[in-house]
Structures are given as C-alpha cells and as structure tokens.
Amino acid sequence: TAMPIPKSKFRTFLRERVYGSPVFSSFFTLCVFVNVSIMALYSEELYPDLAGPYDAQNHIFFALMLLEAVLSVMALGLGTYLEDRWVWVDIAAIAGSTLGYFVPESTFVRAFRLTRVFRVISNVPALRRMLETLTASFVQIGNVVLLMLVVFSMFAILCVNFLGTVREGIPVILGGGLGS
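Residues numbered from 1 in each chain as written. Predicted model: local features only at pLDDT ≥ 70, side-chain atom pairs only at ≥ 80, totals over all residues. Heavy atoms only, no water.

1. Quick word on the environment of Ala-75
Rules: In DSSP terms, a helix is any run of H or I states spanning at least four residues, a strand is any run of E spanning at least two, and both are numbered starting from the N terminus. Think of it in three bands: with a 1.4 Å probe and only protein chains considered, a residue is buried below 20% of the maximum accessible area for its type, exposed above 50%, and partly exposed in between.
With respect to the helices and strands, Ala-75 occurs in helix 3 (residues 51–76). A residue is classified by how much of its surface remains accessible, and Ala-75, at 1% relative accessible area, is buried. Residues Ala-75 and Phe-13, 62 residues apart in the sequence, show an inter-C-alpha distance of 8.0 Å.

In structure tokens form, the structure reads like this:
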C-alpha cells in the first residue's frame, strides 16, 4: 500500500532520509543478527563470568530495537506502521523483552527473546517470502498429512484382519507361490 505523505518537515525527513534509507534497515537487521548470535552462543553454565556483559548487550539491543520502532512510528505514523503484519512480530519481541524487566528471569521470558529471530526474517525479503509461502501452504500440507493418515489407517486395518489370528511363535508364510 502507498504510504500517506507526512505533513511535517521533520516527519518527511524521517520518512525519506532515515526510514527510507537502506542503511536504516541494514543496520537494525545486523544488530538483531548479532544479538541473536550472541544469545545462541552464550551459556550461563559455560561462561558464568560473562553474565554482566551478556545482560548489558541485551539491554543495548533492546534499546536499539525500541529506537527502531519509535523512529518507524514517527516516520510512518502509527496507523501505517501497524498495517504491516510483520510489525506485530516486532511488537511481540519488544513486549517480551519489556516483560523481562518486570518478571524475574524465566524460561518464558527467554522464549520471548527468541522472537528476535523472526525480526531477522522480517527484514530480509527473501526469507520473508519463503516464510510467507510456507505459512500459506499449511492448509495443503495438512491435507496431505490427513490423506497419509487415512492410507496408514487402511493398511493398519488390513494387517490386523489378515495377521490378527496369528499366534506368537508360529511363523507366517505369505504367498506360497505356484508350487504350494
């Protein structure tokens, strides 16, 4: 959809020079990628002395994520910003990270931080198209799984009918051939 033309000069500047710049998107995508990489590599059991720097980098990347959202809202306006479905992934990541400041460290909060991975996907067009295609094909994949379930069930019923009377320890000889 076409974005409405901002009325203020500041908003026009933000939209054209900051938000519209490829550097803006690339910088924040790189930040999210670095943050996700650090999260994947860090283990509290292996590196207990790095807990402080790990928390500091989490705070920095959260602030950058929040800054990106605020600049985007200022450049586009709230209504236009919320029209994009992928923005809701960003909102979930920000909400989960914010929740981490109020709730003690838990598995739930750490799981919310993993939504930052989807921010990388949302900012890389090729990955975005691939994920959209995958989600669009879920119905067809469900139909194939249902068909496979029906076929497996038929074979299970046939096997029970043909082999259900076989006693344990007695060999089953199937198809004796022409000579039998």
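2. A short note on the packing of aromatic side chains
Let me state the cut-off plainly: The rule is short: rings of Phe, Tyr and Trp, with Trp giving its six-membered ring, pair when the centres are within 6.5 Å, and they are stacked under 30 degrees, edge-to-face over 60, tilted in between.
Tallied over the full model, the rule gives four aromatic pairs. Between the aromatic rings of Phe-24 and Phe-28, the centroid separation amounts to 5.0 Å while the plane-to-plane angle is 70°, which identifies the pairing as edge-to-face. Taken as a pair, Phe-24 and Phe-28 lie in helix 2 (residues 22–41) at a separation of four residues, close to a single helical turn. As far as burial versus exposure is concerned, Phe-24 and Phe-28 are alike and both buried.

3. Quick look at the pattern of salt bridges
Heads up, the condition is: Salt-bridge detection follows one rule: a side-chain nitrogen of Lys or Arg within 4 Å of a carboxyl oxygen of Asp or Glu.
Applying the stated criterion across every chain, the model contains two salt bridges. A salt bridge links Asp-84 to Arg-128, with the shortest nitrogen-to-oxygen separation between them at 2.8 Å. Of this pair, Asp-84 sits in the loop between helix 4 (78–83) and helix 5 (87–102) while Arg-128 sits in helix 8 (residues 125–136), and the two are 44 residues apart along the sequence. Taking the relative accessible area as the measure of exposure, Asp-84 reaches 30% and is therefore partly exposed. Among the residues examined, Arg-128 registers a relative accessible area of 23% and is labelled partly exposed.

4. Some remarks on helix 5
As a reminder, the rule being used: Each residue after the first adds 1.5 Å to the expected span of a helix.
Here helix 5 contains 16 residues, and its C-alpha end-to-end distance of 23 Å stays within 8% of the 22 Å for a straight helix at 1.5 Å per residue. Regarding helix 5, the residues found buried are Val-87, Asp-90, Ala-93, Ile-94, Gly-96, Ser-97 and Gly-100.

5. Observations regarding the side chain of Gln-57
Stated precisely, the cut-off is as follows: Counting of polar contacts relies on pairs of N or O atoms within 3.5 Å, with two restrictions inside protein: one atom must be capable of donating a hydrogen and the other of accepting it, and residues adjacent in sequence are counted only when both atoms are side-chain atoms. The criterion used for residue contact is that any of the two residues' heavy atoms lie within 4.5 Å.
Mapping Gln-57 onto the fold places it in helix 3. Given a relative accessible area of 10%, Gln-57 falls into the buried group. In this structure the side chain of Gln-57 is engaged in a polar contact, spanning 2.9 Å, whose partner is the side chain of Asn-35. With near-sequence residues (within four places) excluded, Gln-57 lies in contact with Asn-35 and Ile-38.

6. Notes on the environment of Arg-128
Sequence spacing of Arg-128 and Phe-118 is 10 residues, and the spatial spacing of their C-alpha atoms is 9.1 Å. With near-sequence residues (within four places) excluded, Arg-128 lies in contact with Asp-84, Trp-86, Ile-121 and Ser-122. Among the polar contacts listed, one links the side chain of Arg-128 to the side chain of Asp-84, at a separation of 2.8 Å.

7. Topic: the confidence of the model for the protein chain
Put simply, the rule is: pLDDT: the predictor's confidence for each residue, scored from 0 to 100.
Of all residues in the protein chain, 88% have pLDDT values of 70 or greater, and the mean over the chain is 81. For the protein chain, the element scoring lowest by mean pLDDT is helix 6 (residues 107–113), at 70; helix 9 (residues 138–163) scores highest, at 91.

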